[in-house]
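What follows is the residue order along each chain.
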Amino acid sequence: MAWLPKNKFRNDPHLGGMGSTSSMLTQYDIEEVQEYCRNLFSQQEIVSLYQRFCQLDRNAKGFISADEFLSVPEFALNPLSQRLLRMIDGLNFKDFVAFLSSFSSRASLQQKIEFIFKVYDSDCNGRVTFDDILEVLKDLTGTFILERQREHVLTRVLEEAGYSKETALGLDDFIKILSKSGLKMEVEVPVD
């Protein structure tokens, strides 16, 4: 097991600091990232994620730009990509792993719902309004569903959960509504 002084990790731009780029993760680095992402990825998965991160960080700046994220076809085609870009533009490796940890099969339902809440809370005010949810539904459904149909469905869902169109939902409300949904949100991390 390799040992590094604590400040080494912060000197690698990919890992959240400044200095020259390192092409290898030490055991210490891996364990620090693992702790940072609440142990939602194995050490092998973190190494695989680091390799992918380095591929995306084409200019070895230590962070991934919006354009670099959009180079991933699956991301670029995601109907929520523009909302997600606001959350991820300029992430260093540690924050990249923390972002992806919401998609881990080991993440709790609450962690997944907290992530979804951030996607819906586009103005970052800690509240999600009827209009915020409608915007996301529009992104997801495009022209397949008429605006009035989206409004009707959303109104019914909120009413069934005990809320109205005028209610600004906080995180606790969001958890209450989605915790019974059987939410499935996972990404596979290939391990070589």
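Residues numbered from 1 in each chain as written. Predicted model: local features only at pLDDT ≥ 70, side-chain atom pairs only at ≥ 80, totals over all residues. Heavy atoms only, no water.

In this model, the protein carries an average pLDDT of 83, and 82% of its residues clear a pLDDT of 70 or more. At the low end of the mean pLDDT range in the protein sits helix H1 (residues 6-11), at 38; at the high end sits helix H2 (residues 27-36), at 95. Scored below 50 in pLDDT, residues 17-22 makes 18 contacts in the model with residues more than four places away or belonging to other chains. (pLDDT = per-residue confidence, 0-100. Helix = DSSP H or I, 4+ residues; strand = E, 2+ residues; numbered from the N terminus. Contact = heavy atoms within 4.5 Å.)

The topology assignment puts Ser-65 in the loop between helix H3 (43-56) and helix H4 (66-70). Once residues within four sequence positions are removed from consideration, Ser-65 is found in contact with Asp-89 and Gly-90.

On to the layout of surface pockets, then. Any empty space left between the atoms is revealed when a probe the size of a water molecule rolls over them. By volume, the second largest pocket is sized at about 220 Å³. If you go around the second largest pocket, you meet 13 residues; those closest to its centre are Ala-98, Phe-99, Ser-102, Phe-115 and Lys-118. If you list the elements that add at least two residues to the lining of the second largest pocket, you get helix H7 (93-101) and helix H8 (109-120). Class assignment of the residues belonging to the lining of the second largest pocket gives a composition of six nonpolar, three polar and four charged. (1 Å grid on protein atoms, 1.4 Å probe; cavity = no way out; pocket = protein on both sides within 12 Å on 5 of 7 lines; lining within 4 Å. Points joined across faces, edges and corners; volume = space filled by probe spheres on them. Nonpolar A, V, L, I, M, F, W, Y, C, P; charged D, E, K, R; others polar.)

Turning next to the packing of H8 against helix H11 (residues 171-178). Viewed as axis vectors pointing N to C, H8 and H11 meet at an angle of 120 degrees, and their least axial separation amounts to 10 Å. If you check the angle between H8 and H11, you find them oblique. The chirality of how H8 crosses H11 is right-handed. Between H8 and H11, the contacting residues are Gln-110, Ile-113, Glu-114, Ile-116, Phe-117 and Tyr-120 on the first element and Leu-171, Phe-174, Ile-175 and Leu-178 on the second. Each residue belonging to the contact of H8 with H11 can be placed in one class, and the counts come to eight nonpolar, one polar and one charged. (Axes fitted to C-alpha atoms, helices over the stretch in contact; angles between N-to-C directions. Parallel < 35°, antiparallel > 145°, perpendicular 65-115°, else oblique. Left-handed = near helix turned anticlockwise from the far one by under 90°.)

Let's shift gears to the packing of aromatic side chains. Tallied over the entire structure, the rule returns 11 aromatic pairs. Judged by centre distance (5.0 Å) and plane angle (85 degrees), the rings of Tyr-50 and Phe-93 are edge-to-face. Of this pair, Tyr-50 sits in helix H3 while Phe-93 sits in helix H7, and the two are 43 residues apart along the sequence. A relative accessible area of 3% places Tyr-50 in the buried class. Both rings, one in Phe-103 and one in Phe-115, keep their centres 5.0 Å apart while their planes meet at 70 degrees; by these two values the pair is edge-to-face. Here Phe-115 lies in helix H8 and Phe-103 lies in the loop between H7 and H8, a separation of 12 residues in the sequence. By relative accessible area, which is 7% here, Phe-115 ends up buried. Put simply, the rings of Tyr-50, Phe-53, Phe-69, Phe-75, Phe-93 and Phe-96 pair up and form one aromatic cluster. Taking NZ or CZ as reference, Lys-61 lies 5.1 Å from the ring centre of Phe-63, over its face. (Phe/Tyr/Trp six-rings, centres within 6.5 Å; stacked < 30°, edge-to-face > 60°. Buried < 20%, exposed > 50% of the residue type's maximum accessible area, 1.4 Å probe, protein only. Lys NZ or Arg CZ within 6 Å of the ring centre and 35° of its normal.)

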